[in-house]
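Listed here are the chains, written in short residue letters.
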Amino acid sequence: MSPTDEAALQSAFDAAIGADERIEPRDWMPDGYRATLIRQIAQHAHSEIIGMQPEANWITRAPSLRRKAILMAKVQDEAGHGLYLYSAAETLGVSRDELLDKLHSGRQKYSSIFNYPTLTWADVGAIGWLVDGAAITNQVPLCRCSYGPYARAMVRVCKEESFHQRQGYELLLALSRGTPAQHAMAQDAVDRWWWPSLMMFGPPDAESAHSAQSMAWKIKRHGNDELRQRFVDICVPQAEALGLTLPDPDLRWNEERGSHDFGEIDWSEFQQVLKGNGPCNEQRISQRRRAHEEGAWVREAAAAYARKRAAAPSNEDGRR
Ligand SMILES: [Fe+2]
Ligand SMILES: [Fe+2]
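Definitions and cut-offs
- Residues numbered from 1 in each chain as written.
- Chains lettered and ligands numbered in written order.
- Predicted model: local features only at pLDDT ≥ 70, side-chain atom pairs only at ≥ 80, totals over all residues.
- Heavy atoms only, no water.
- Donors = N, O, S within 2.8 Å, 3.2 Å for Na, K, Ca; no water.
- Tetrahedral: all angles 85-135°; square planar, octahedral: opposite > 155°, others 65-115°.
- Buried < 20%, exposed > 50% of the residue type's maximum accessible area, 1.4 Å probe, protein only.
- Phe/Tyr/Trp six-rings, centres within 6.5 Å; stacked < 30°, edge-to-face > 60°.
- Helix = DSSP H or I, 4+ residues; strand = E, 2+ residues; numbered from the N terminus.
- Salt bridge = Lys/Arg side-chain N within 4 Å of Asp/Glu carboxyl O.

- Per an unreviewed UniProt entry, the recorded name for the protein chain is 1,2-phenylacetyl-CoA epoxidase subunit A, and the organism is Streptomyces alkaliterrae.

Written out as structure tokens, the structure is:
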């Protein structure tokens, strides 16, 4: 491609971004835009499937058939979110195998929040309320992301996430209004999940490596700090309605700003978990690798079936 062609393509791309148009898979895009999207969508997809583990931990011990059915539906939704997102990433020219390989070898990350353990049943509630709640706050603006396939995947994901958030809230409400021991269990879960869920928005904008460029490309629509503030302001009245306390002595309404002030986040903990030293990093990855290996026969069978179908298109089940 000549330099003038490249310049023309770049300016067409810039004009599309400027006019809030969607970039689609066949459109020309700068290499950096493609690489940023692959990294972000892959990390998002990995988070969805790794995130199944802490909650699946409680499926066999759910306290009633109703709770078990709800939790199973939620964990299955997360698998589905992974599938939409791996498909969206594939439109950028990477294969799912390549992405999974990078996850398994630690070259791509997933959200650090899933490296914390689920110690009691109340954790299922705290995850739904806080972790899925933080995910929604982050993901609603992604429905307007400049890359079409990612934005469209997010519309459906967000609808399902709001069901997840509600089930977590309702579960915590039942515990909070239950026996003193159940109330204490709910409070303990909120105490442990509050700060990690604030870390889900990423480091402060000033220290965030990719923020400014992602905003210019309209992949991101809001800064990390703005979204974190929005989440805190949503959670405070919800915690009150739940009858639970958020574990932050510095949390208070700031009349002047029209928002809540909140305490300092322990970013050294975040960095430690990110480096692989969280309580469950090793367990999550080894379980994922094992699941992948044990699922090899399913992938092989599905591929063999697809080949058979392709060879005999007229016959519905592929037999001659
Ligand atoms: Fe999800
Ligand atoms: Fe979810």
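Anyway, onward from the coordinates.
### Thoughts on the coordination of the iron ion (ligand 1)
Then comes step 1: For the iron ion (ligand 1), the full set of protein donor atoms is E48 (OE), E78 (OE), H81 (ND1) and E161 (OE), and the range of their distances to it is 2.0 to 2.2 Å.
Then comes step 2: In this structure, the iron ion (ligand 1) is surrounded by four donor atoms whose angles at the metal cover 87 to 144 degrees, and the resulting shape is irregular.
Then comes step 3: Donor residues for the iron ion (ligand 1) sit on one chain with the sequence pattern E-x29-E-x2-H-x79-E.
Then comes step 4: A residue is classified by how much of its surface remains accessible, and H81, at 0% relative accessible area, is buried.

### Thoughts on the packing of aromatic side chains
Then comes step 1: Within this structure, the stated rule accounts for nine aromatic pairs.
Then comes step 2: Aromatic pair W194 and F231: ring centres 6.0 Å apart, planes at 15 degrees, arrangement stacked. With W194 in helix α8 (residues 180-199) and F231 in helix α10 (residues 224-242), the pair connects residues that are 37 residues apart, well separated along the chain. Neither W194 nor F231 differs from the other in exposure class; each is buried.

### Digging into the pattern of salt bridges
Then comes step 1: All told, the structure shown has 16 salt bridges when counted by the stated rule.
Then comes step 2: For E78, the salt bridge goes to K74, with nearest N and O atoms at 3.3 Å. A residue pair is termed a helical-turn pair when its members lie 3 or 4 positions apart in one helix, as E78 and K74 do in helix α4 (residues 65-90) at four residues.
Then comes step 3: With a relative accessible area of 1%, K74 lands in the buried category.
Then comes step 4: The closest approach of N and O atoms between D101 and R107, which form a salt bridge, is 3.1 Å.
Then comes step 5: Among the residues examined, D101 registers a relative accessible area of 43% and is labelled partly exposed.
Then comes step 6: Judged by relative accessible area, R107 falls into the exposed class, the value being 53%.
Then comes step 7: Through salt bridges with shared partners, a single network forms among E55, K74, E78 and D132.

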